[in-house]
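What follows is each chain in one-letter form.
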Amino acid sequence: MTAAIVETLIEKKGNLRSIEVTAFENDELVLPYLEDALARCEAVCAEANIAFAAETRCEDFIAGCVDLAENGLFAGDAKRFTHAILNPPYKKINAQSKTRKLLDSAGMEVSNLYAGFVWLAARMLEPGGELVAITPRSFCNGPYFRRFRLALLNMMAVKHIHVFESRKKAFGDDDVLQENVIFHALRNGRKSQNVAISSSEGSDFHNVSVRHMPYEHIVLPNDRDAFIHLILNEDDEDTMCRMQRFRTPLDELGIEASTGRVVDFRSREHLRLQPETGTAPLVHPRNFEYGFIRWPVESDKKPNAILSLDQTRDLMVPRGYYVLTKRFSSKEERRRVVAAIYDPQRIKTSEIGFENHLNYFHAGGKGLPSNLARGLALYLNSTLFDRYFRLFSGHTQVNATDLRKMRYPTREQLIRLGAYIKDRIPEQEAVDGILERECESDD
C-alpha cells in the first residue's frame, strides 16, 4: 500500500519535492518485504528527483501513537500527516486489555481494533489530509460502532466507498468472510458534496459500477446514530424511494424491540432438554417454521424448556402474541431478516423464555394484539424490508437497535396486513404483493 501511494504521488507530481513515510508494522515476517518496498520507493523517487525518507516503526500502532498523543502530538504545533493508508487488523478488543485502556485514555471508545486504528489515523491527519482504509462494513450500523461513526463523520468528509459484494471472492484466501469496504475520506472536508459509491464482486475490480449520491442519502439527516447507507444500484435507489412511504417509528406504534433474555451458558442449570412439570417453553431460532413458532422440537442438544422459578422469572415474558426475528441468519437463507409469530393459541403456557439468539417485538414487556403481530411479521418478511435493511447492514447479525431504526407502516396498515395471515406466512411473492397492494391504496 505504501508503494501504491508513492506511485500515485509521483504520477501526479505537480510541485512535489519530497515524500516522507512513517510505516508501522509489528509482524517480523513482513518486515523484510516492507523494507524492500521502501527501498524500491526510494529508487523510483530518486529517478523522479523527489527526496524520499522512510521510518519503519516495528511496534504496536495504537500504543505508539497514543503515547505520542500524550506528549502533544495532537497539539496545534505538532507534526501531522497529509495521507494515511491502512489495512488494520479485525479483532475485538478485550475490555480489560492494555489496548482498551490506551484508547479510553485518548477518548476513543471502540469495540474492534480496526475502528481504533482508523480513529487514531484520522486524528493524526492535518486539515485536508486524506485517509484510505480497508475495513469490514460493520461500522456502518449498530450500537457498538456508534461513537466511532459519529467521531469519524465529524472529523472526516467521506468521498468514496467501495463495496466488495462477495464475502468470499475478495478476501477468501485470508479467511475473511465479512463484507468489506474501502473508503476514502478527507479531514475537515465539506460534507455537502456527492459521495461516490462503487462496487465489484471481487478484488480484481472487474466490472466496477459507480454511483454518485447526495451525502444526505448516505447519512440521513437527523439520524442521531449516523447509520451509513450504501446505495449500489438502481434497485437500491428504488428501495430507498419505496421505503419513504413508511414513516412510523416503533415507539409511535406502541411496540418495542428487545433481545432474548435467556443466555444458555448463564442459565445452564435451569435448562431442560424436554418440557416437564414446572418448566416453561424456551424458544430458539430452530423453532421457526412457516412463519410461526413450532414447539417443542426433537433435540438431543438444544434445551426445549427452562425451569419456572423465582431466579428465572426475569428471563420470561407472559403469555401473548410476539414477533420474533433471528439475530443471525444462516448463509443458506435468502433473507437477512427472518421473522416468525409466537401464537399463544398454539402453545398454551403462562410464560415463555426467548433465547438470546432472537429479537422479540412486544408492548411494554407483554404481547401484541393478534392482527398487529401478524401484520408486523408479514412486513418484516417482505423483500422490501430485507433490501432496505441491507443498505446499511453488511453482516448477517440483526440487532434490536437496527430494528428500532427502521420505519414501519401505520398501526392501521399493519392490522390490515395481519388479516392475510392464517396458518402460515404466505410465499415470498404473495407477501410482497400484499404489502404493495395494501400500502399503495393509502398513497
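This text follows the structure it describes.
We now turn to the structure provided with this report. Predicted, not measured: the structure shown is a model, and the values here were computed from it.

1. Here's the deal with the overall build of the protein
- Of regular secondary structure, the protein possesses 15 helices and 19 strands.
- The C-alpha extent of the protein, read off along each of the three principal axes, is 80 × 50 × 40 Å.
- Taken over 443 residues, the protein has a buried fraction of 51%.
- Sequence separation of at least 24 residues holds for 74% of the intrachain contacts in the protein that already meet a minimum separation of 6.
- Of the accessible surface of the protein, which amounts to about 22,100 Å², a share of 47% is contributed by carbon and sulfur atoms.
- Of the side chains in the protein, 59 bear a positive and 63 a negative charge, and the two mean positions are spaced by 5 Å.

2. Thoughts on the pattern of salt bridges
- Counted under the stated rule, the structure contains 20 salt bridges.
- A salt bridge links Asp-343 to Arg-374, with the nearest nitrogen and oxygen atoms 3.5 Å apart. Of this pair, Asp-343 sits in the loop between strand 17 (339-342) and strand 18 (351-354) while Arg-374 sits in helix 11 (residues 370-380), placing them 31 residues apart in sequence. Each member of the pair, Asp-343 together with Arg-374, is buried.
- For Arg-390, the salt bridge is made with Asp-386, and the minimal N-O distance between the two is 2.7 Å. Of this pair, Arg-390 and Asp-386 both sit in helix 12 (residues 383-392), four residues apart, roughly one helical turn.
- On the basis of relative accessible area, Arg-390 is assigned to the partly exposed category, the value being 29%.
- Classification of Asp-386 as buried rests on a relative accessible area of 5%.
- Residues joined in a network through salt bridges with shared partners are Arg-146, Asp-223, Asp-225 and Lys-405.

3. Remarks on the packing of helix 5 (residues 113-123) against helix 6 (residues 146-155)
- Contact pair helix 5 / helix 6: the axes reach a minimum separation of 10 Å and the direction vectors enclose 25 degrees. Judged by the angle between their axes, helix 5 and helix 6 are roughly parallel. Where helix 5 crosses over helix 6, the two elements pack in a sense that is left-handed. Contact residues: Ala-115, Val-118, Trp-119, Ala-122 and Arg-123 in helix 5; Arg-147, Phe-148, Ala-151, Leu-152 and Met-155 in helix 6.
- Residues belonging to the contact of helix 5 with helix 6 are distributed by class as follows: eight nonpolar, no polar and two charged.

4. Re the sheet that holds strand 11 (residues 279-283)
- As summarised here, the arrangement of the five strands in space is 10-14-11-18-15, forming an open sheet in which the pairing is mixed. Each edge of the open sheet is held by one strand with a lone partner, namely strand 10 (271-272) and strand 15 (316-318).
- Pairing between strand 11 and strand 18: two bridges, direction parallel. Considered in strand 18, the bridge of Val-283 is made with Phe-354.

5. Here's the deal with the layout of surface pockets
- The volume enclosed by the largest pocket comes to roughly 1,200 Å³.
- Lining the largest pocket we find 40 residues, and of these Thr-22, Ala-23, Phe-24, Ile-85 and Leu-86 sit closest to its centre.
- Mapped onto the lining of the largest pocket, the elements with two or more residues apiece are helix 1 (2-12), strand 1 (18-24), helix 2 (31-47), strand 3 (81-86) and helix 5.
- Grouping the amino acids of the lining of the largest pocket by side-chain chemistry returns 24 nonpolar, eight polar and eight charged.
- Here the second largest pocket defines a volume of roughly 760 Å³.
- Looking at the lining of the second largest pocket, the elements with two or more residues in it are helix 9 (234-243), helix 10 (250-253), strand 9 (256-259), helix 12 and helix 13 (400-405).
- Ranked by residues supplied to the lining of the second largest pocket, first place goes to helix 13 with three residues.
- The residue makeup of the lining of the second largest pocket, split by class, is twelve nonpolar, four polar and ten charged.

6. Let's talk about the side chain of Thr-135
- Along the chain, the position of Thr-135 falls in strand 4 (residues 125-136).
- Here Thr-135 falls in the buried class, since its relative accessible area comes to 0%.
- Excluding anything up to four places from it in sequence, Thr-135 contacts Pro-88, Tyr-90, Tyr-114, Val-118, Asn-180, Val-181 and Phe-183.

7. Looking at the nonpolar core
- If you look at the biggest cluster of nonpolar residues, it comprises 93 residues, and the most contacted ones within it are Leu-131, Phe-139, Phe-361 and Tyr-408.
- When residues in this core are grouped by element, the largest group, nine residues, is from helix 5.
- Sequence-distant contacts of Phe-139, defined by excluding residues within four places in its chain, comprise Tyr-114, Phe-145, Phe-148, Arg-149, Leu-152, Val-181, Phe-183 and Ile-228.

8. Re helix 15 (residues 428-440)
- Compared with an ideal rise of 1.5 Å per residue, which puts 13 residues at 18 Å, helix 15 spans 18 Å between its outermost C-alpha atoms and is within 8% of the ideal.
- Within helix 15, burial applies to Gln-428, Val-431, Ile-434, Leu-435, Glu-436, Glu-438 and Cys-439.
- Its buried side turned inward, helix 15 meets helix 9, helix 11, helix 12 and helix 14 (411-418).

9. Remarks on the sheet that holds strand 5 (residues 156-164)
- As summarised here, the arrangement of the six strands in space is 3-4-6-5-7-8, forming an open sheet in which the pairing is mixed. Edge positions in the sheet fall to strand 3 and strand 8 (209-214), since each has one partner strand and no second. Neighbour to neighbour, the strand axes of the sheet diverge by 15 degrees on average, direction disregarded.
- Of the strand pairs in this sheet, strand 3 and strand 4 are connected by five bridges, and their pairing is parallel. If you follow His-83 over to strand 4, its bridge partner there is Glu-130.
- Sitting on the sheet, helix 5 touches strand 3, strand 4, strand 5 and strand 6 (180-187), and the angle it makes with strand 4 is about 165 degrees.

Procedures and definitions
Residues numbered from 1 in each chain as written. Predicted model: local features only at pLDDT ≥ 70, side-chain atom pairs only at ≥ 80, totals over all residues. Heavy atoms only, no water. Helix = DSSP H or I, 4+ residues; strand = E, 2+ residues; numbered from the N terminus. Buried < 20%, exposed > 50% of the residue type's maximum accessible area, 1.4 Å probe, protein only. Contact = heavy atoms within 4.5 Å. Areas by Shrake-Rupley, 256 points an atom, 1.4 Å probe, with all protein chains shown as cover. Lys, Arg positive; Asp, Glu negative; His and termini not counted. Charge placed at Lys NZ, Arg CZ, Asp CG, Glu CD. Salt bridge = Lys/Arg side-chain N within 4 Å of Asp/Glu carboxyl O. Axes fitted to C-alpha atoms, helices over the stretch in contact; angles between N-to-C directions. Parallel < 35°, antiparallel > 145°, perpendicular 65-115°, else oblique. Left-handed = near helix turned anticlockwise from the far one by under 90°. Nonpolar A, V, L, I, M, F, W, Y, C, P; charged D, E, K, R; others polar. Pairing = 2+ DSSP bridges. 1 Å grid on protein atoms, 1.4 Å probe; cavity = no way out; pocket = protein on both sides within 12 Å on 5 of 7 lines; lining within 4 Å. Points joined across faces, edges and corners; volume = space filled by probe spheres on them. Core = buried A, V, L, I, M, F, W, Y, C linked by side-chain atoms within 4.5 Å. Expected span 1.5 Å × (residues − 1).

No statement about biological role is implied by the geometric values presented.
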